[in-house]
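Structure at a glance
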Amino acid sequence: MRNPILETPAHLKTEPSAVALHPKQDLWDTVLGSLDDVAARLRLDPGIHAILREPERELTVAVPVGMDDGSIKVFKGYRVQHSSVRGPCKGGIRYHPNVNLNEVKGLAAMMTWKCAVVDIPFGGAKGGIEVDPTGMSQGELARMTRRFTSMILPILGGKRDIPAPDVNTNAQVMAWIVDTANMIEGVYMPEIATGKPLALGGSLGRREATGRGVAIVTGELLKREARALSDTTVAVQGFGNVGSWAARILHEMGCKIVALSDVSGGVYNPNGLDLAAIDKAVAQHPRHLLEGYAESDVERINNEELLEAPVDVLIPAALEHQIRADNADRIRARYIVEGANGPTTREADEILEDKGIILVPDILANAGGVAASYLEWVQNLQNFYWEEGEVNQRLMSIMKRSFAGVWDFSHAQPVPMRLGAMMLAVSKVAETAQQRGIWP
Ligand code: NAD
């Protein structure tokens, strides 16, 4: 059996803090703006709309950590539960210097829509710590994670709120979360987090699942556009969990991966990159970055150049607000498949639409991760584990069914796929909220 801890690149130690986030943009505003648009189109009941505009619960904690040098540092941590209307809250935990309450609120609401769009019985949550984990030792990371877990534990639980990995967190971090919760409660409850190592009740296929889902929806899109995979060129921004697996699986499917980037910059070869050689170079780089890879036929590019590369499919799989009003006009891809959460601003969306670019939105495109988390949670609850093929088969069927639902609905309206996906998601959450009624 494979050991995902040993195989997973150590993202915790790999990422320098420099991140091209756009400071003027606020993810919560973006998310509320799109909810308001959808509410108007759906003629949503104003009371239900008001409920969905506020997260159910927001917890802010100060996490003290004893550092290796004997000092104490205190980090701000958050867990936000946007909605538990359709099931236990579900969402990742992010370690990043840009984490703040509004970002976490926005990401939590997006989880609500994402779970609804792929029709899995979860609500939405998100968490994070405002920290640059680069350079922290394993011991410091473990202590920070365990203290954070203990502080948010009162609102966690397999039937309440279930964390998962996100930017700069991985299976090892989930293992610390599960162990901490189990030690404090004195109960075996692997279902309290997903994206765990296999040895702690993780699921085969979970690690690759978000990237696999991105690849599956890309394949479905190209099929409907009558385009051959072998004639399709792809650029991927972000070579972490999502981006690297999306690139590998699309490559296996026959696409030509011509551009890749991470926080250190990017590489470009119009004839197709050698992914196996890149994987090897990244594994050997001390911080697991692409900057370690050089070949005579490979051009070094920066992240702006990657986004603007002449490709068929662009997959932003790094962080939010990478495609904005100031660069959207220069995007040359025909299709965008959003591996990251919120990589496109609302202003950029309009520009892309005017250019005729077809965009598969984040809440559909990257839902493979939470779909596989759902499969992991089901296996934990039944204490019976599936073969990898069965997990991948179920994931494939969830992603294909969801893509078809959004595609057909969007074309019937007609509206862009982001709006179509949001309309489907919000109407599902609203229907359940209406039927449950207001307690008491
Ligand atoms: P990760 O930490 O594994 O990888 C992030 C990657 O982005 C790294 O390669 C990093 O170097 C790169 N990066 C950071 N800043 C960059 C910049 N300015 N320009 C270019 N590259 C940059 O994170 P991940 O888990 O792959 O998550 C990536 C995105 O996908 C996030 O938006 C996350 O919320 C979303 N997402 C992740 C999952 C999951 O299962 N991990 C599921 C759904 C959505």
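This section reports on the structure supplied with the text. Worth saying up front: this structure is predicted, and the values here are computed from it rather than measured. (Residues numbered from 1 in each chain as written. Predicted model: local features only at pLDDT ≥ 70, side-chain atom pairs only at ≥ 80, totals over all residues. Heavy atoms only, no water.)

Observations regarding the site of the ligand
What counts is decided by this rule: Here a residue is near a molecule or strand as soon as one of its heavy atoms is found within 4 Å of it. A 3.5 Å cut-off defines polar contacts: any pair of N or O atoms within that distance qualifies, except that in protein one atom must be a possible hydrogen donor and the other a possible acceptor, and neighbouring residues in sequence count only when both atoms are side-chain atoms. Values of accessible area rely on a 1.4 Å probe in the Shrake-Rupley scheme; residue burial ignores everything except the protein chains shown. What counts as a helix is a DSSP run of H or I of at least four residues, what counts as a strand is a run of E of at least two, and both are numbered from the N terminus. Note that Gly is not counted as nonpolar here; it falls among the polar residues with everything else outside the nonpolar set of Ala, Val, Leu, Ile, Met, Phe, Trp, Tyr, Cys and Pro and the charged set of Asp, Glu, Lys and Arg. Delimitation of the domains relies on an automatic or database domain assignment.
If you check the shell around the ligand, you find 26 residues, and the closest are Asp166, Thr210, Asn241, Val242 and Asn341. One nitrogen or oxygen atom from the side chain of Thr210 is found 2.7 Å from an oxygen atom belonging to the ligand. Here the ligand has 830 Å² of accessible area as a free molecule, and 94% of this is covered by the chains. Every element with two or more residues in the shell around the ligand is listed here: α7 (206-224) and α8 (241-253). Split into classes, the residues belonging to the shell around the ligand amount to nine nonpolar, 11 polar and six charged. In this structure, the shell around the ligand is formed jointly by two domains, domain 1 (56-200) and domain 2 (209-365), each of which donates at least three residues.

Describing the pattern of salt bridges
Counted only if it meets this: The working definition used for a salt bridge is a side-chain nitrogen of Lys or Arg within 4 Å of a carboxyl oxygen of Asp or Glu. A 1.4 Å probe rolled over the protein chains alone gives each residue an accessible area, and that area as a share of the maximum for its type sets the label: buried under 20%, exposed over 50%, partly exposed in between.
Within the structure shown, the criterion is met by 28 salt bridges. Here Lys400 ties to Glu220 by a salt bridge, and the two come within 4.0 Å at their closest N and O atoms. Taken together, the residues span a long stretch of sequence, with Lys400 in helix α14 (residues 388-412) and Glu220 in helix α7 at a distance of 180 residues. Residue classification places Lys400 among the partly exposed residues on the basis of a relative accessible area of 33%. Among the residues examined, Glu220 registers a relative accessible area of 6% and is labelled buried. Between Glu304 and Arg330 there is a salt bridge, with the nearest N and O atoms lying 3.9 Å from each other. Separated by 26 residues along the polypeptide, Glu304 in helix α10 (residues 303-307) and Arg330 in the loop between β10 (313-316) and β11 (335-337) bring together distant segments of the chain. The partly exposed category is assigned to Glu304, whose relative accessible area is 30%. By relative accessible area, which is 42% here, Arg330 ends up partly exposed. Via salt bridges that share partners, Arg94, Glu103, Lys126, Asp166 and Glu320 belong to a single interconnected network.

Such coordinate-based values are descriptive only and should not be taken to indicate function.
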